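# Structural overview for review
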Amino acid sequence: MSVFTTVTQEQLDGWLKHYSIGNRVSLEGIPAGIENTNYFVTTTQGRYVLTLFEKLKAHELPFYLNLQDHLAAKGVPCPRPVPDQSGGFLGELNGKPAALVAFLPGRDLAAPSPGHCGQAGTLLAGIHAAGDSYAGRMDNPRGPKWWAAVMPEIMPFLGKDDTALLRSEVGFQAGHQFAQLPRGAIHADLFRDNVLFENGSISGVIDFYFACTDVLLYDVAIAVNDWCIDEGGMLNDARTAALLEAYGKLRPFTAAERGAWPVMLRAGALRFWVSRLFDFYLPRPGEITHAKDPGHFRRILASHVARGGGLPQLPGRTR
């Protein structure tokens, strides 16, 4: 969402000729995030988000764009891709794959209440239910293979304690296999800044470009590790219970998921600690960039490890 690739108004005008959405009114860079270049685009027919993909290749993008189209058709409030005049969702701008999606109203929340967390749980369960019928498949690009691959690149920047924790947790996760857990299309990045609220209710969920086919419980853990964490990296019991109970009402957790939950919470924290370390120490140059604090997820992971079996349990009945 940082601006790595500059788009001028004149370049946008030429690109918009492939679409039937009117003429440009304004173009505004979005200075947040670390993966893609995003702009707000306003035309005479509406407002949209233009994304230029900095890492993902054109052959990978149909999974993400078609997933958003599928979920939107199923009633999930996600940005629906805008087709060009040939009916395709993907184009090229300034040498990068590019797409337009509908703009969604609302703002993200910095300090969610248990009620907001409950809405997030309902939303995530709805994504999983709608995604169950999605035919596309995509391996997790930042799963265990990626952790192991980038660990040698990160370690030279770390102190002794962080190196020990990283090495230990990657090894711990390698010792657990979860082939028996329910799988499907997951968002894989359902943080607070990717969920929009308007008048107290969720109005949209954005940024599906880490979506993949993986364990559904992993997606739940990622959400809990953001929505339900206090300033010290500890899980807030009330917010955690609200999110998990709301999710479980739509998709009850299995017995196998109950057993895997503490490990999955740690996996979700490890994934984003490694990602933030990588982006912090090995960044790409960008016109507007924001590298996020790796220490935040280091604290969450350390807290989960320290609590061990004392972590909150999954609610509801088994099946």
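Now for a quick tour of the structure. (Residues numbered from 1 in each chain as written. Predicted model: local features only at pLDDT ≥ 70, side-chain atom pairs only at ≥ 80, totals over all residues. Heavy atoms only, no water.)

## Quick word on the sheet that holds strand S5 (residues 96-102)
Spatially, the five strands line up as an open sheet ordered S1-S2-S3-S5-S4, and their pairing is antiparallel. Looking at which strands have only one partner, the edges of the open sheet turn out to be strand S1 (24-29) and strand S4 (91-93). Between one strand and the next, the sheet's axes are offset by a mean angle of 35°, whatever the strand orientation. In the sheet, S1 pairs with strand S2 (residues 37-43) via five bridges, with the strands oriented antiparallel. Its bridge partner lying in S2, glycine 29 is registered against tyrosine 39. Along the sheet, helix H1 (residues 9-16) contacts S1, S2, strand S3 (46-52), S4 and S5; its crossing angle with S1, the most-contacted strand, is approximately 125°. (Pairing = 2+ DSSP bridges. Helix = DSSP H or I, 4+ residues; strand = E, 2+ residues; numbered from the N terminus. Axes fitted to C-alpha atoms, helices over the stretch in contact; angles between N-to-C directions. Contact = heavy atoms within 4.5 Å.)

## Re the side chain of asparagine 38
Among the secondary structure elements, asparagine 38 is positioned in strand S2. Within the structure, the side chain of asparagine 38 is placed 2.4 Å from the side chain of threonine 51, a separation counted as a polar contact. (Polar contact = N/O pair within 3.5 Å; in protein donor to acceptor, adjacent residues only side chain to side chain.)

## Section: unusual backbone geometry
Phi is positive for alanine 188, which is not a glycine, with a value near 70°. In this fold, alanine 188 is placed in the loop between strand S6 (183-186) and strand S7 (195-198). With a phi angle near 60°, aspartate 207 is a residue other than glycine that sits in the positive phi range. Its place among the elements puts aspartate 207 in the loop between strand S8 (201-205) and strand S9 (212-215). On the basis of relative accessibility, which here comes to 17%, the residue aspartate 207 falls in the buried class. (Buried < 20%, exposed > 50% of the residue type's maximum accessible area, 1.4 Å probe, protein only.)

## Digging into the environment of histidine 304
Counting through the fold element by element, histidine 304 comes out in helix H9 (residues 294-307). With relative accessibility at 1%, the residue histidine 304 sits in the buried group. Spatially, the C-alpha atom of histidine 304 lies 9.9 Å from that of asparagine 225, the residues being 79 residues apart in sequence. In this view, histidine 304 contacts Asn225, Leu235, Leu265, Arg266, Ala269 and Leu311; residues no more than four positions away in its chain are not counted.

## Looking at the pattern of salt bridges
In the structure shown here, the tally under the stated rule is twelve salt bridges. In this structure, aspartate 214 engages arginine 183 in a salt bridge whose closest nitrogen and oxygen atoms are separated by 3.7 Å. With aspartate 214 in strand S9 and arginine 183 in strand S6, this pair connects stretches of sequence that are 31 residues apart. A salt bridge links arginine 192 to aspartate 226; the nearest nitrogen and oxygen atoms lie 3.0 Å apart. With arginine 192 in the loop between S6 and S7 and aspartate 226 in helix H6 (residues 216-227), the pair connects residues that are 34 residues apart, well separated along the chain. Of the two residues, arginine 192 and aspartate 226, both sit in the buried class. (Salt bridge = Lys/Arg side-chain N within 4 Å of Asp/Glu carboxyl O.)

## Observations regarding the packing of H6 against helix H7 (residues 237-250)
At a closest axis distance of 10 Å, the pairing of H6 and H7 adopts a crossing angle of 150°. With respect to H7, the axis of H6 lies roughly antiparallel. The element H6 and its partner H7 pack so that their crossing is right-handed. Where H6 approaches H7, its residues Leu216, Val220, Ala223, Val224 and Trp227 are matched on the opposing element by Arg239, Thr240, Leu243, Leu244 and Tyr247. Residues that form the contact of H6 with H7 fall into these classes: eight nonpolar, one polar and one charged. (Parallel < 35°, antiparallel > 145°, perpendicular 65-115°, else oblique. Left-handed = near helix turned anticlockwise from the far one by under 90°. Nonpolar A, V, L, I, M, F, W, Y, C, P; charged D, E, K, R; others polar.)

## Re helix H5 (residues 160-174)
Helix length check: H5 (15 residues) gives 21 Å between terminal C-alpha atoms against 21 Å at 1.5 Å per residue, within 8%. Inspection of H5 places Thr163, Leu165, Leu166, Glu169, Val170 and Gln173 among the buried residues, and these make up the whole buried set. The arc enclosing the buried residues of H5, seen along the axis, measures out at 165°, which places them on a common side. Those residues of H5 that are exposed and angled more than 90 degrees off the buried face are Lys160 and Asp161. Close packing links the buried residues of H5 with helix H4 (144-154), helix H8 (255-281) and H9. (Expected span 1.5 Å × (residues − 1). Arc of directions from axis to C-beta.)

## As for the state of the cysteines
One pass over the structure, following the stated rule, counts zero disulfides. No disulfide involves cysteine 78; its sulfur sits 16 Å from the nearest other cysteine sulfur, which is in cysteine 212. Here cysteine 117 is not disulfide-linked; the sulfur of cysteine 228 is the nearest cysteine sulfur, at 4.3 Å. Overall, the relative accessible area of 0% leaves cysteine 117 in the buried class. (Disulfide = S-S within 2.5 Å.)

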